[in-house]
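So you can see what is in the structure, the chains are spelled out below.
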Amino acid sequence: MFPRPRLVFFDVMDTLVRDPFRDVMPSFLGMSLPELLRCKHPTAWVDFELGRIDERAFLSMFLPGRSFDAEGFCKVVRESYALLPGIRELLADLRTSAPDVRLYALSNYPPWYRWIAERCELDMLLDGAFVSYETGARKPDPEAYLVPCRRLGERPEQALFVDDREKNCEGARAVGMQAIVFDCAMKLREALAQRGLVAP
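Computed from a predicted structure; not experimentally measured.

A.B. asks: Would you mind showing me how to read the overall build of the chain here?
C.D. replies: Secondary structure assignment for the chain yields 12 helices and 5 strands. Taken over C-alpha atoms, the radius of gyration comes to 17 Å for the chain, in line with the 16 Å a tight globule of 200 residues would show. C-alpha atoms of the chain, sized along the principal axes, occupy 55 × 30 × 25 Å. A buried classification covers 50% of the 200 residues belonging to the chain. In the chain, once contacts between residues fewer than 6 apart in sequence are set aside, the share between residues at least 24 apart is 65%. For the chain, the exposed area adds up to about 9600 Å²; of that, 51% sits on carbon and sulfur atoms.

A.B. asks: Mind showing me how you'd approach unusual backbone geometry here?
C.D. replies: Excluding glycine, residues mostly carry a negative phi; peptide bonds, for their part, are mostly trans. Cis rather than trans, the peptide bond between K139 and P140 has omega equal to 5°. Looking at the element boundaries, P140 is found in the loop between α9 (132-135) and α10 (142-152). Despite not being glycine, D14 has its phi angle at roughly 65°, a positive value. In this fold, D14 is placed in the loop between β1 (7-10) and α1 (24-28). Judged by relative accessible area, D14 falls into the buried class, the value being 17%. The phi torsion at E121 lies on the positive side, around 60°, for a residue other than glycine.

A.B. asks: I tried to follow the sheet that holds strand β4 (residues 159-163) on my own but got confused; where do I start?
C.D. replies: The pairing of strands in a sheet happens through backbone hydrogen bonds and is either parallel or antiparallel. What the 5 strands build is an open sheet, ordered β3-β2-β1-β4-β5; its pairing is parallel. Each of the sheet's edge strands pairs with one partner strand only, and the pair in question is β3 (128-131) and β5 (178-181). Strand-to-strand twist across the sheet, computed as the mean angle between neighbouring axes with direction ignored, equals 25°. The pairing of β1 with strand β2 (residues 102-107) spans 4 bridges and is classified as parallel. Bridging from a neighbouring strand, F9 pairs with Y104 of β2. Along the sheet, α10 contacts β1, β2, β3 and β4; its crossing angle with β2, the most-contacted strand, is approximately 145°.

A.B. asks: Sorry if this is basic, but what is going on with the nonpolar core here?
C.D. replies: Nonpolar side chains in soluble globular proteins generally cluster together in the buried interior. In terms of nonpolar packing, the biggest core is built from 55 residues, with F10, Y81, W112 and L122 touching the most fellow members. Ranked by the residues each element gives to this core, the list is headed by helix α7 (residues 113-120), at 5 residues. Beyond its immediate sequence surroundings of up to four residues, L122 is in contact with V12, L16, L83, Y113, I116 and A117. Membership of the second largest hydrophobic core comes to 15 residues, among which are L7, L106, F161 and C169.

A.B. asks: Sorry, what's going on with helix α5 (residues 70-80) here?
C.D. replies: Helical geometry: 3.6 residues make up each α-helical turn, so side chains three or four residues apart lie on a common side. Of all the positions in α5, only G72, F73, C74, V77 and S80 are classed as buried. Between the side-chain oxygen at the start of α5 and the backbone nitrogen of E71 there is a gap of 3.3 Å, and the oxygen is on D69.

A.B. asks: Can you walk me through the state of the cysteines in this structure?
C.D. replies: Here, the word disulfide means a covalent bond between the sulfur atoms of two cysteines. Enumeration over the complete set of coordinates arrives at 0 disulfides. Left unpaired, C39 is separated from the closest cysteine sulfur, that of C74, by 19 Å. Unpaired in terms of disulfides, C169 finds its nearest cysteine sulfur in C149, a separation of 14 Å. Its relative accessible area of 0% is what places C169 among the buried residues.

A.B. asks: Hey, could you run me through the side chain of T15 in this one?
C.D. replies: Among the structural elements, T15 can be located in the loop between β1 and α1. Engagement of the side chain of T15 in a polar contact is seen with the backbone nitrogen of D164, the distance being 3.2 Å.

A.B. asks: How do you make sense of the packing of α5 against α7 when you look at a structure like this?
C.D. replies: A pair of packed helices is characterised by two quantities: the angle between their axes and the separation of those axes. Relative to each other, α5 and α7 sit at 45°, their axes nearing to 9 Å. The orientation of α5 relative to α7 falls into the category oblique. Considering how the two elements wind past one another, α5 and α7 form a crossing that is right-handed. Seen from α5, the contacting residues are C74, R78 and E79; seen from α7, they are W115, E118 and R119. Each residue belonging to the contact of α5 with α7 can be placed in one class, and the counts come to 2 nonpolar, no polar and 4 charged.

How each quantity is defined
For every chain, the first residue of its written sequence is number 1, and the numbers climb from 1 along that sequence. At least 70 in pLDDT is required for a residue's local features to be given in this predicted model, at least 80 for side-chain atom pairs to be given and counted, and no such filter applies to totals for whole chains, interfaces and linings, which use all residues. Side-chain measures here rest on the full set of heavy atoms in the structure, leaving out hydrogens and waters. Numbering goes from the N terminus for both helices and strands, where a helix is a DSSP run of H or I of at least four residues and a strand is a run of E of at least two. The globule rule is 2.2 Å times the number of residues to the power 0.38, and the radius of gyration it is compared with is taken over C-alpha atoms. Here's how the labels work: a residue is buried when its accessible area is under 20% of the maximum for its type, exposed when over 50%, partly exposed in between, all with a 1.4 Å probe on protein chains only. Throughout, a contact is declared for two residues whenever any of their heavy atoms are within 4.5 Å. All accessible-area figures derive from a Shrake-Rupley calculation using a 1.4 Å probe, and residue coverage is judged against the displayed protein chains alone. Any two strands with at least two DSSP bridges between them are considered paired. Only C-alpha atoms enter the line fits that serve as axes; for helices the fit covers just the stretch in contact. Angles between N-to-C directions range over 0 to 180 degrees. We define the nonpolar core as a collection of buried residues of types Ala, Val, Leu, Ile, Met, Phe, Trp, Tyr and Cys that are connected through side-chain atoms lying within 4.5 Å of one another. Any pair of nitrogen or oxygen atoms within 3.5 Å is treated as a polar contact; in protein, a donor-acceptor pairing is required on top of that, and neighbouring residues in sequence qualify only through side-chain atoms on both sides. Cysteine sulfurs are considered disulfide-paired once they come within 2.5 Å of each other. For this classification, under 35 degrees means roughly parallel, over 145 means roughly antiparallel, 65 to 115 means roughly perpendicular, and everything else is oblique. By definition, any crossing whose near helix is turned counterclockwise from its far helix by less than a right angle is left-handed, and any crossing with a clockwise turn is right-handed. Here the nonpolar group is Ala, Val, Leu, Ile, Met, Phe, Trp, Tyr, Cys and Pro; Asp, Glu, Lys and Arg are the charged ones; every other residue, Gly included, is treated as polar.

As structure tokens, this is what we get:
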């Protein structure tokens, strides 16, 4: 029997929203994903996610020695964000079935998170967001999980965390949270139903 959480934290990319990194970004740049991984600056994306550099600095550093249409790149990325199948319905059901449980995004992402929130209406589906560019901590750093709990006045033991990466779920468990590794909306619904948060 799982204890009923008071908070549910959701990773965003490939948990709530499709991630454009593996296909949209390399396609726009005329590269394969392995080529992009080889060519990209080793720390620019992480620094962008942590709020250490702004968008202009990130775009100037992202592909050392290569020029690309930065404005077009941003446009195609922004337009690619979309909720994964079944997620909108699941979040709506969770709101209805467990109105006492607060729902938040907990994401490693740069300020482009605002594009996601706008396109996917996350501000309507969730109670708020804790994103690395604002918190200064990336999962699985313990502070990535503890900062939201402190700000919300709840203990980690009162939270459930959902992420498509086992490593990030392990980080959540290490600070005392329950955690579910995301596979698809249907399986997540089953896991949430086991905790009495939605109907099976």
